[in-house]
Structure formats: structure tokens, C-alpha cells
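# Topology and contacts: notes
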There are 2 protein chains.
Amino acid sequence: MSANRSLAALFTPRSVAVVGASADLRRLGGIPIRLMRDHAFPGALYPINPNREEIGGFRCYPDVASLPETPDLALFATPREGVLAALRQCAGRGVKCAAVFTSGFGETGAEGAALQEEMARIARGAGMRLLGPNCMGVIHTRSRLMATFTISIREGELLSPGPVALVTHSGALAACMISDLHDAGTGLSAMASLGNEADVDFAECVDHFVDDPDTRVICGYLESVRDGRRLRSAAGRALAAGKPIVLLKSGATEAGARAALSHTAALATPHGVFAAFARQYGVALCRSYQELIETADFLARAPRTRGRRLGVLSFSGGAGSLVADAAVEEGFALPPLAEATCARLRAALPPYAAVRNPVDLVSVMVSKPGESPIAEAGAAVRDDPEVDAVVLVMGVYHHVAAQVAKELKGLFADSAKPLACCWMAPQRAELQALRKAGVPVFEDYNRAVRALAAAVSFEEAAAGEAVPKPSSDPARRDRALRLIAGASKSPEGMLPPAACRALLELYGIRQPAQAEASYAEEAVAVWRGMGGPVALKVIAEGLVHKSDAGGVSLGLDGEGAVRAAAARLLGLAPGARLLVQGMVVGGEVELLAGLSRDPAFGLCVTGGIGGIFVEVFEEAARRLPPFGEKEAGAMLRGLRGAKLLQGVRGRPAVNAAAAAQVLSRLSEMAAELGEVLAELDINPLIVTQDDALAVDARVRVV
Amino acid sequence: MSANRSLAALFTPRSVAVVGASADLRRLGGIPIRLMRDHAFPGALYPINPNREEIGGFRCYPDVASLPETPDLALFATPREGVLAALRQCAGRGVKCAAVFTSGFGETGAEGAALQEEMARIARGAGMRLLGPNCMGVIHTRSRLMATFTISIREGELLSPGPVALVTHSGALAACMISDLHDAGTGLSAMASLGNEADVDFAECVDHFVDDPDTRVICGYLESVRDGRRLRSAAGRALAAGKPIVLLKSGATEAGARAALSHTAALATPHGVFAAFARQYGVALCRSYQELIETADFLARAPRTRGRRLGVLSFSGGAGSLVADAAVEEGFALPPLAEATCARLRAALPPYAAVRNPVDLVSVMVSKPGESPIAEAGAAVRDDPEVDAVVLVMGVYHHVAAQVAKELKGLFADSAKPLACCWMAPQRAELQALRKAGVPVFEDYNRAVRALAAAVSFEEAAAGEAVPKPSSDPARRDRALRLIAGASKSPEGMLPPAACRALLELYGIRQPAQAEASYAEEAVAVWRGMGGPVALKVIAEGLVHKSDAGGVSLGLDGEGAVRAAAARLLGLAPGARLLVQGMVVGGEVELLAGLSRDPAFGLCVTGGIGGIFVEVFEEAARRLPPFGEKEAGAMLRGLRGAKLLQGVRGRPAVNAAAAAQVLSRLSEMAAELGEVLAELDINPLIVTQDDALAVDARVRVV
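Residues numbered from 1 in each chain as written. Chains lettered and ligands numbered in written order. Predicted model: local features only at pLDDT ≥ 70, side-chain atom pairs only at ≥ 80, totals over all residues. Heavy atoms only, no water.

Let's shift gears to the overall build of chain A. The secondary structure content of chain A amounts to 26 helices and 29 strands. With respect to the three principal axes, the spread of C-alpha positions in chain A is 95 × 80 × 40 Å. Pairs at least 24 residues apart make up 71% of the contacts formed inside chain A by residues separated by at least 6 positions. When the accessible area of chain A is evaluated, it comes to approximately 25100 Å², of which 51% is carbon and sulfur surface. Averaging the coordinates of the 73 positive side-chain charges in chain A and doing the same for the 76 negative ones gives two points 2 Å apart. (Helix = DSSP H or I, 4+ residues; strand = E, 2+ residues; numbered from the N terminus. Contact = heavy atoms within 4.5 Å. Areas by Shrake-Rupley, 256 points an atom, 1.4 Å probe, with all protein chains shown as cover. Lys, Arg positive; Asp, Glu negative; His and termini not counted. Charge placed at Lys NZ, Arg CZ, Asp CG, Glu CD.)

Summed over all chains, the structure comprises 96 salt bridges over all chains. In this structure, the salt-bridge partner of R563(A) is E521(A), at a minimum N-O distance of 2.5 Å. Here R563(A) is found in helix α22 (residues 559–570), whereas its partner E521(A) is found in helix α21 (residues 520–530), with 42 residues between them in sequence. E521(A) gets classed as partly exposed once you look at its relative accessible area, which sits at 41%. The partner of R14(B) in a salt bridge is D72(B), with the nearest N and O atoms 3.1 Å apart. One end of the pair, R14(B), is in the loop between α2 (8–11) and β1 (15–19); the other, D72(B), is in the loop between β4 (58–59) and β5 (73–76), with 58 residues separating them in the sequence. (Salt bridge = Lys/Arg side-chain N within 4 Å of Asp/Glu carboxyl O. Buried < 20%, exposed > 50% of the residue type's maximum accessible area, 1.4 Å probe, protein only.)

Right, let's talk about the packing of aromatic side chains for a bit. Evaluation of the coordinates by the stated rule reveals 16 aromatic pairs over all chains. Between F11(B) and F209(B), the ring centres sit 5.2 Å apart and the planes meet at 65°, which makes this aromatic pair edge-to-face. A residue pair is termed long-range when its members are at least 10 positions apart, and F11(B) in helix α2 and F209(B) in helix α7 (residues 202–210) qualify at 198 residues. A single burial state applies to F11(B) and to F209(B), both of which are buried. An aromatic cluster is defined as three or more aromatic residues linked by ring pairs; in this entry it consists of F274(A), F277(A), Y281(A) and F601(A). The ring of F274(A) has K249(A) lying over it, and the distance from NZ or CZ to the ring centre is 5.3 Å. Geometry around F332(B) places R308(B) over its ring, the cationic atom sitting 5.6 Å from the centre. (Phe/Tyr/Trp six-rings, centres within 6.5 Å; stacked < 30°, edge-to-face > 60°. Lys NZ or Arg CZ within 6 Å of the ring centre and 35° of its normal.)

So, on to the sheet that holds strand β12 (residues 217–222) of chain B. Residue and element names in this part refer to chain B. The strand order across the open sheet built from seven strands is β9-β8-β11-β10-β12-β13-β14, with neighbouring strands paired in mixed fashion. Edge positions in the sheet fall to β9 (145–148) and β14 (284–285), since each has one partner strand and no second. Pairing between strand β10 (residues 161–168) and β12: five bridges, direction parallel. Each bridged residue has a counterpart across the sheet, and for L166 the counterpart in β12 is C219. (Pairing = 2+ DSSP bridges.)

Each copy of the sequence occupies a distinct position, and chain A is placed on chain B by a rotation of 180° and an axial shift of 0.0 Å, giving an RMSD of 0.1 Å. Both copies of the chain, as the preceding transformation shows, are related through a two-fold rotation axis. Among all C-alpha atoms of chain A, that of F613(A) lies closest to the rotation axis, at 4.3 Å. The residues that chain A uses at the interface reappear at the interface of chain B in 100% of cases, marking a shared surface. (Least-squares fit on C-alpha atoms with pLDDT ≥ 70 in both.)

Let us now look at the interface of chain A and chain B. Contact residues are listed per partner, giving 81 residues for chain A and 81 residues for chain B. For the pair chain A and chain B, the summed buried surface comes to about 6700 Å²; carbon and sulfur atoms form 62% of the total. When the buried area of chain A at its contact with chain B is split by residue, I151(A), F617(A) and R640(A) rank highest and sum to 9% of it. Taken together, the connections running from chain A to chain B amount to zero salt bridges. The interface formed by chain A and chain B contains 18 residue pairs in polar contact (both at pLDDT 80 or more). Its residues assigned to classes, the side of chain A that touches chain B shows 35 nonpolar, 25 polar and 21 charged. (Buried area = accessible area lost by both parts, 1.4 Å probe. Polar contact = N/O pair within 3.5 Å; in protein donor to acceptor, adjacent residues only side chain to side chain. Nonpolar A, V, L, I, M, F, W, Y, C, P; charged D, E, K, R; others polar.)

Before going further, it helps to examine the sheet that holds strand β19 (residues 441–442) of chain A. Residues and elements named next belong to chain A. Ordered in space as β16-β15-β17-β18-β19, the five strands form an open sheet in which the pairing is parallel. Edge positions in the sheet fall to β16 (359–360) and β19, since each of these pairs with one other strand and no more. Bridge analysis of strand β15 (residues 310–314) against strand β17 (residues 389–394) gives five bridges, and the strand direction is parallel. Pairing of L310 across the sheet is with A389, part of β17.

Residue and element names in this part refer to chain A. Taken across its eight residues, strand β25 (residues 602–609) has eight buried, putting it largely inside the fold. Examined bridge by bridge, strand β24 (residues 589–598) and β25 share eight bridges and lie antiparallel to one another. Among the inter-strand pairings, R597 is bridged to a residue of β25, identified as L603. Between the antiparallel neighbours β24 and β25 lie three residues. For β25 and strand β26 (residues 621–623), the ladder comprises three bridges, and the chain directions are antiparallel. Its bridge partner being in β26, T606 is matched across the sheet by R622.

A few words now on unusual backbone geometry. Phi is mostly negative for residues that are not glycine, and the peptide bonds are mostly trans. For the peptide bond that leads from G132(A) to P133(A), omega is 5°, which places it in the cis range. P626(B) follows P625(B) through a cis peptide bond whose omega is -10°. Mapping P626(B) onto the fold places it in the loop between β26 (621–623) and α24 (629–637). Even without being glycine, E197(A) reaches a positive phi, approximately 55°. One can find E197(A) in the loop between β11 (188–193) and α7 (202–210).

As a further point, take the packing of helix α21 (residues 520–530) of chain B against helix α22 (residues 559–570) of chain B. Two quantities define a packed helix pair, namely the angle between the axes and the distance from one axis to the other. All names here are of chain B. Put simply, α21 and α22 touch, their axes get as near as 8 Å, and they point 140° apart. In terms of axis orientation, α21 runs oblique to α22. When you trace α21 past α22, the crossing you get is right-handed. Contacts between α21 and α22 involve A520, E521, A523, V524, W527 and R528 on the former and, on the latter, E559, V562, R563, A566, A567 and L570. Its residues placed into classes, the contact of α21 with α22 shows eight nonpolar, no polar and four charged. (Axes fitted to C-alpha atoms, helices over the stretch in contact; angles between N-to-C directions. Parallel < 35°, antiparallel > 145°, perpendicular 65-115°, else oblique. Left-handed = near helix turned anticlockwise from the far one by under 90°.)

Next up on the list: the nonpolar core. If you look at soluble globular proteins, the nonpolar side chains tend to sit buried side by side. Of all hydrophobic cores here, the largest spans 306 residues; its most connected members are L73(A), Y289(A), W423(A), L73(B), Y289(B) and W423(B). Counting 102 residues, the second largest nonpolar core, distinct from the first, contains I509(A), F613(A), I612(B) and L636(B). (Core = buried A, V, L, I, M, F, W, Y, C linked by side-chain atoms within 4.5 Å.)

All names here are of chain A. Listed as buried for helix α13 (residues 339–348) are T341, C342 and L345. The buried side chains of α13 occupy one side of the element, clustering within an arc of 95° when seen end-on. Of the exposed residues in α13, the ones pointing more than 90 degrees away from its buried face are E339, A340 and A347. The elements touched by buried residues of α13 are β16 and α15 (374–382). (Arc of directions from axis to C-beta.)

It is worth spelling out the environment of V538(A) at this point. Residues and elements named next belong to chain A. By secondary structure assignment, the location of V538 is in strand β21 (residues 534–539). Distance from V538 to H398, taken between C-alpha atoms, is 79 Å for residues 140 residues apart in sequence. Residues in contact with V538, not counting those within four places in the same chain, are L543, K546, G551, L569, L572, A576, R577 and L578.

Attention now goes to the side chain of R623(A). All names here are of chain A. Tracing the sequence through the fold places R623 in strand β26. Side chain to side chain, R623 and E631 meet in a polar contact 2.6 Å long. Discounting chain neighbours no more than four positions away, the residues touching R623 are A276, R279, Q280, C604, V605, E631, A634 and M635.

Our focus in this paragraph is the pairing of β21(A). Residue and element names in this part refer to chain A. Of all six residues in β21, six are buried; the element is thus mostly enclosed. Alignment of β21 against strand β22 (residues 552–556), held across three bridges, turns out to be antiparallel. Directly across from V534, in β22, lies its bridge partner L556. In the sheet, β21 pairs with strand β23 (residues 577–582) via six bridges, with the strands oriented antiparallel. The partner of I539 across the bridge, within β23, is R577.

Here it is, written out as C-alpha cells:
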């Protein structure tokens, strides 16, 4: 049974019981009954309350056992003390899914967590799915299912149906989203409030919404990732299906993560890895709640985007400059307009309007009341073949607000290219009417630009190779596993140097010419065979930080020098051996590359400028594996220190493609050996004009 | 006559003429007449129109010459062709100030610029002040002066008076600001739309508003700085007067600057220098238009801020996490709450609410309709002695919106500490009523946090030494000027090395032991006298980049080595001399420090990590001079590479205080010699454990 099928009882149940139903329809146990009644839920609704005959027009039952049929879905609004007993009853009766509103479980401490684990056990044992506890329930608009105690819908109003599915770790934020998307006329296809995620989790809901025909955009608030593998799979399916995911994520700072932790009692995902996930899968990570709402609305309604060439029209030259600033920061270009476009603009605008990109619409609607150039000017820029998308910024037009609204509506409806309308200081009634009519309107030009950037990034992720493709080489994997199994590990799981080198070699990661030696004369012989300067490095169990212990001698060239250094290093520890390694030369740049384990996403790849740079700037890029060399190249180019690779201060450019290949190979290793590798460090990875060589590597297994 | 007095006729005229008055009160030449009539301007109003007897109830005159009195202020709504003639009439009649709405001057090209220059000449010649052209005029609320053609006030409404003065390079953005501050109930004290700034400029208006008793906050949109010295002076006076300046600035990117340029035809100020100015003077630089409006509103109404310890209460644990993320990013800490605070919170909140910072108010208003813990919980956190300011985030409370509004109002009114209220997904009617009642309410928690940060930064700037104090040493200045005058300069204005060294010495900037030598044996003698390794550097006219020309030999220690290097260097150019310089040793870090000329602000100080870092990361900090060593230290600590100074990879920390002293001394030099220095480079400034030494310096004079 696939995950999708298993959530059917949650989103499209034929019958719903409300355990702990309240006759006060404004309370937790009463609101779902009122909402289901008002929205005319077509299935059966069973309030459970031993003290009532009827609630909200529905016949009451004393308990789940006495119901005339087994409900698909049971909602729990009972006090904490009664939850377990009622849940056991549901499990015994064969209820398919329980959604528990009640708080006081995993989010409060050890005692609550034990109760929550018991709930999960009961549900698992009965094959019953469990949403929550501490959640706000679910909505599925087409099924008229309002299995929630949200107060975001004003009494007497019905929820607007629409293309956005909500999935969220915060019920209170879900309430805001429902209210704002309702008021904006965007509307909802569905909502899942996850609470403490004892069973049903974020990724599973996303996956479900990918297959929901009413959903075009998945919009969520996320505190931590319970199952990174499942989230990657769901996001990959959403990308392939052309359904953008738009997220607000807390925990970027330690303080935020601490607050989030105590809220859902889950482990926060380090933000950098999450950002890498979002980048690779085209997930829009929003900077604010408002941006989340406006971006979801825009992506649900706008045509798909083709590129980053932006045409801007503004009611104000000043606002045009501000939009240009924001656009360049988000990676857009503002191309010059074609001559035909300029001619159309000159015909539409007064002679003192400067015809360029951004177009300043000047105050023509003041000087010529009743005449508006907006529609024609907007169409001219939109039709320019050099323009992929348009931002149109309007300002104060109280006296002609209806006309502005009409022109925006016409422009948006006609446009095959994305058109982000922004209306600053709007006449609010006209703005609301415009939104209700299906035109997404931003009130902030930054958000308009960021939403367009989200749209383009989605297309780029869908078209590119950033999304990991499961491309594993079983034979290589087997050899690597045998190599690791056969190596003698330290108590911490460190592989011996020879095994590390063999593992890199197996994955085609090149290393300097090197050989081990057990005594000084052997080192001298190796040096002689190499025909150039060498480094000597001590190999001794328990000596991990060789450099700090004085266990490395560099640039030795000459019999006496090699012999003396070898003797000194061999004396550092009993049983010590030596690695003799050819020195790497040629305008080199030191990188570091490695694998580290993220609690949610597992092994991820890290790459950065090494040496003093990483210590001073603490900068490294991360990616989820596996990925190709093109994405690895983008990863390196995104580093602030990327200029080093191109050569600065008269130094030659080094072979960045070879370095990218190493990262890509590491990502394949991570994908194939994710179960056995704990971490891997290549430091330094020396990149020369010709090659990228792993000079030193450490590998720890789980 | 001070600048303030000279703008009196602009903001508080006793009589106003409207040249080019229109009988259509919706048009450019009619709107001011309608607005002045509706707002009951108490002075005389004279429409000028030869074809009318009367407009809007005011008697018309055919021209300025035939007016019964000389008006203080003349507004120009005439077509471009008629402006110059009418302006000459005003000048002849002795009009004190002209405000020109008409477009088509400096913003359109060379021809328009020539016309504009002629306008400025006419005005200057007659001692008449000129606002614009291409401007939207002025408002002064207390004088009921509405000398503007803005359409931001709906017909039938009167402008709300209030504490915010607007000054702006964009009339269209001013219209938005007027509308939004009016609708928010904040209100305006005054507005100045500057247009092309042919005469009256941004800084002068800011300076005027500092002395305006009705103004508490100065809020503006700025494209470029016409006169940096005047802006610094005005901002310094505003800081001293406790009146925050809140700005939106375009031109952060080249594309934005280009758009801004064509808009106001002025030179864009490089953004980094402007950001330095804003930081030093406590000017809030906003990231968006909405942030500008909400920050101005908040600063106008909130009590002054004492520190960066933030208490957060939220309707949602999720929103609390997001606020914590934003707060930490803006430099706030979220301290643990005192035991007494926790006790108050436990008494006010349900048992399952987690009592910590941020406080999660949970869904108590749902589970117990009618009971609200907001006021008591908010007061508890506000009263905590460890808390300097409070953010209170509310969400969807449609059913109890009136009560939420009441509690926010009470909390805000009672609070001696800044309290930033944020209401997400609000009931809009209640929100509007709350704002009209004087409570600044944010709709975005990021903006709430950023506004609090602006408030704190203002206090910090007022308390600190970041604001340049004019502390010049006339004797030192005289000696420096004599030194520069007496030196022989290159055609580009470069000072000879000896003069550069003398100038640094005069300002107490230490240098390595060094002496010049004309022949090899002299160099050997100098080396011998120094008693340690030396560097030899060639000195030859026209040889600026010594290193690139092979003109530097480092680490020479020994008679033969010095002699050989000296001979080689002396052969590089006819008439070459040598600098013999003691090598600097001791765990050093290379910085660069210098002065460069900003088109608006003049000489400013630059400091950064030198060597390969500056080429790879292109990072440097800037400050306006002069400033003290504490501010210089903050400047260095703000660099991303600041860790180098603390010592990394086992290297010792270097003397960062000595480096800060150099920057501070440079800032004094800039303040004293701003008229004669074009640029100065110290590269490298080598910082050792003991000292900071200027190893090489170049100085160019104007």
C-alpha cells in the first residue's frame, strides 16, 4: 500500500466521528461540527458525547463503540486524560485514521512524550493512521471536509476553494494562512496541520498533495525534517509534476531552533543543509510569512516562467529604481527594450516619459484624467521578445482605482508570460476585488521580484541536473563495502590510511604518487623512484592530527633530508610507519571536500576553500547527493572565494572542473555508501592547473 | 541668514500664487487650489490665469505682476515653455520662493538641463529660493499649506496631521507615503518633494525639519546625495535632537542607480559609503517601502529604547520561532525570563503553555472564549527587568478581534518600554481602528523586529562616538599643508615617497625603521645599522607599482645580499634611489587602510584585510571621518575576515588596537586635509603582536 493511498481516509473520509464533541459550537469540540455543517459535508458526521442527544443537528452517540458504522476518520477534542482510552476504542473498532487536536503530549516533556509513544503504538498495532496530537486537523475542500477547529473562517462565510494545499507544523500559522488565502481569493485545496507528527508527517502530506488534482501549489511552514529521504522523494515528485513547493522554515538561528524545538519536540535540521535541499529541488524558501502567502498565490495563478530577463514598468521612477535594485539582487537582468517596443511606448506615453527599462509611467493619469497608458505600455513591454517576465508597479490612484484594477486584470488575463502586479498604497476595496477576481497582486515590490525568482528557480531546478538522480553502481558499491568490512578500524570507526586511499581510488578520486614505508631506507628508495620532492607523513594508530603532532615533513628532496626526516618521524610513536608522497606543484589552490551526516537528510557533500580561508570565513557549500559535475561546478562557483580558482594576483587559473569532478564522485560515494559512512574529509584537496588531488583523507564509518 | 530661516517662505508662506492655475480642480494646476480651499489655508491664495475671473472661489489674476501683493510662494503648473518667463516675473516682483511642478528639465537631457540651470540662475540672482523643477511641491500641516498636486488625499477627506515629515526625490513615492501614513492614522507634519533639486535640496529640508516643533521623525526616499557635508550636518543635528531619520535609498545595484540617475539626473552615491554614513548617524536604512512606513510610524509613537534584550510573545509557537530567528539576525538577544515573570505567566496562561522566551500564548482564546491572557502576559514580559523591549505577535482572531485590539491598545498605552505589536492576518477594520487610535501595528514580524533594531541603533549612535566630532589640530594641519605644498608631485599629483612617509609620521602612524640610500654601499651601511634583515625598494619617478616591476627585494640579511640587490634595483631606472626598510616580523596580518574620495561625502576611510583576501573577497569597511579608536575597532571587528586578527590556526592574536589607531588617525587626517588629499593607500599595513606598521604608502593630492 503506497503512502498516498493510506492518507485517503484522512482527506477523503466517507464518515467522521468527533470524540469529545461540544454543544458550544465556538469551542474546540464544537467548531468542526459547525464547519462541517456549514460546508455541507456529504458524508456521515457522528458527534460523540455521552451527555447529549444531538449537537448542531447531528445525532450524538455516547462512544465510538455504539456508532452505527465504523467511521473512516475520528477527530479527538477530548481532554488529555481521555485520549488513550478513546483511541483504543477506535483501534478496536477499525477506524482508519485518528486526528488528535488535544495538546499536552510530546511538546511538554518526558511524561507527555511517553503518552504520545503509547498513542503511536496503539495506532500502529491497529493499522490506523494518526495525525497529531497537538494539531489543528485537516481540510479537503472538494470533499467539503472541515475536520479542524480553526477559527480562520468568519461565521457565516464558506472557505474559498482554490489551488493551494497547506501543510504545516504550526496550527496557529495555518489559521493565518487559511484566513489570508481565503481573503485574497486564492483559496485552498486542502490543509494538513501536523502537530507533533507522531505518525503522519510533512513529507507524506506533500507526497499526497502531488497527486491531488485540485492542488497546483504546496505551501507550508516547517520546523524540522522528520524524514529527509521521504521529503526528497516527495519534492522530486512535485518538481516533476510541475507543482511548486513554497515554504517558510524556522530555525535559521539557534534561538529560533530552540523555540521551534520546544514547540514540536523534534530535532531541528541544520539550516544550511535544508537550504541546499531547497535549492536542488526548486523549493522556494520564503523570508517572511507575507512572502509565503503572496508567492503561493502568484505561483498558483501565473503562467510558467522561461528566463531571467525582466521588463519593469512603474508609476514612479523612484519605485522603478528600487525594483531594479531588487531584481539584480535576485539574479535578473533588465535588458534594453527592442525598437518596436520603444515605438509603442512612445506612442502611448507623454513625450517627457523616458522610454527605457524600467519604464517610468510618470503622472499621466493625473495630467490627463480618464486616459490611461497602463494597458498599452504593459502590453508593449510584455510582448518584447527580449523580455521573459514583467513587473508592473502601481501607486496611489484613489480617483481612478477602478480603472487601474481593470487594466491590471486585462493585462494579467491576456499574458502568456508571468506578470507580477504590485500595487503600493492601493485603494483597498479595489485591491480586494481584483484579488477575488483571480489576479495575484503584491503590495511590496520586493516580494513581487522574489516570487518571480521563485518561479524561475523552480523551472531551472526542473530543467537542470541539481535534483539527485539515483544512479548507483552496484559492483563498485560491493567492492567498497568489502573494502570497509575488511579494514581494521579504530575504536571511533576511523579507517586506516591505506583503506582511505583505496576507497578514494575506487571512486576515481585522484591522489598524489605515494607509497608506504616502514623504515628510513625504504622511504629513501621510494623518494628516489619518484624523482622529485616528497612529503613524509607519519602513520600511527591514534595519531589523527599528524600536522599538530609534528608528524609531517614537506618538500624533501635529497637522500640526507629524506633519511633524517624519516628517522625523526618513525621515532614519534612505537610501530609508526611512513607515507611517502610526491609533492603537488603548480599554482595550486587548497580546497576541502567531504561528506558529513545531517540528522534528517543523511550524508551530504561539503566543499569549500581550504587552508586559512575556511577558518577565517567559515564558508562551505553543501549539496545532497548524488549530483553531476555541472551542479558541482555551480557549487564551487557559488563560494565567495571562488575567484581563487580563476587565479588572482597574476596566478594562473586552476582546474576547477577536476575539483568539481571530485565533489560529484564524492556524491556518488555518499549515495552508494550512505548506510556505512559516518563522515569523510579530504583536506586538502589540492587543485593545480592540471588536476585535483586528494592529498590527505580521513574516513569514519558508522 | 541660516538655511532654516530661508525655507520659511516655502513651508510657512503667508500668501501663495498658483501660476498656470486650472479651472479643472482635478488637474495639475487645479489640485493645489482645491486642497488649499478644502484645508482652509488661512493666507492669501492667488490663482494666475489670464482667461479666468475666478477659480475654486478665489479671484484670478492674469499674471504675477498684477497681484495686489508680492506672494511669499509661487507654484508653477505652467507648460514648460512658459516657466522661464513667469519665473523672471516672480524674480522681478520679489517672490521669496518658487516651487516648479513642471517636468521636462534636467531629467530629460542636455537641453532641459540648460533650461534648469537658467532657472537656478534667475532664482539665485533675485535671492529667490527654488523647489524643483519636476517636483510635487510642499505640505505643511499646521500652516494648512497644501502647495502640491498630490492625488493621495481622497476627495472630501482632510490630511491627518501627525509627527512625520516627508522629504523625497520621488513625487510618486511621496504620494504613496502620504496616502499610507494618512490611512494608518500616523499623519504628517510636512512634506517636501524635491524633484530635480535645482536649488533646495534633501539635506536642507532635513535640517529644516529638525527645528520643526511638529516633527518627531523624518522619513524620506533618496536617490543620490547632492551635498554630503550638509547631509552629515543635518543628520548630526537630528541625532542630537532625538529625531530619527528613516530612509529608503535606491541605487544599491548598478541597474538601480542607472534608473535613479535618469530619474533625477544626479550622481548616485556609492552605496557602501552611504551605508557607512547611515550607520554612524543612526539613520535607519529600510529594505522596502512598507518597512519605511511602518518604521516611521513606530519611531514616531514608541518610547525610546534602552537595549537589545528582547521579550517575545506570540499567538503561535511557530511565529515565535520565526521572530526569534529575525531578532537574532538583527543583533537582539532573547534573555531567559525572571522567576517573577514566569510566575505571572503561569498564573495567566493554561498549564500546557510553555513559559519561556518566546512565550507561546497558545490557543487559549479558542478554548476559553471570552477570557484573554494577552494583557496580563504582555505586561508580565514587559515588566521583566531583564527585558528592554517587547514584540507581541497576534494572529487570526476574527471572532474576538475587538478584544485583541483593546488589549493591544492598553498594553501599548501603558508601556514605558518599546512594544512592537504585530498582527498577522488581522481583521482589517479592527486593525485600521487600532492604528487610527495611535497604536503602530506591524503586519510582518520581520518589520517589527527591524523597526526595534532601528530604534536601538538610533540610541546607540546618539550615545556612541560613531558620529564624527569636528576635532582638528590646526598646528598639525598647517604643518601637513606646508609639507604637501613643498613636495614635488608627479603630473598625476603623487607625492614622493619621502613626503608620504613624513605625512604619516606627522599623524602618528608608525612605520618600520627605514632610510633612503643613493648607492649600494650606502644601503649596506643602513642595513648594518639596523641589525637585522631588511627589504630594499626602488624609488624612481614614474615607477608606482614597484613590486610588479621587480623593484622590491625582501628579507635581505648579509652584506653580499644587500649589495647585490641594491645594485640590481639601482639599475632599473636612471636616477633611481633605494629605500632600506627593516623587515617586520611577528605573526603578522596584512591589512590595507586608506582614504578615498566619495563624490558626495568627500574623503572617507577604508579598512580591510589585505593580501589575497581583499582580491578574493573584495571586502572593505568604510567610515566617514573623523572617528575615534573605539569606532575604528568596531569597523575592523565588522569585517568577515576579522578572525585573522584574533589569531587562527594556532597563530597569536595581533595588536588590533594599534590597527584601529591607524584608522582613527587616518580619519583625523581626512578631516583636516579633506581639501587637498585626493587619495591615500597604506598597503600593506602590517599588524604584528606588538604594533601596526605602515610598510608602504601612496598619497595623491588634488
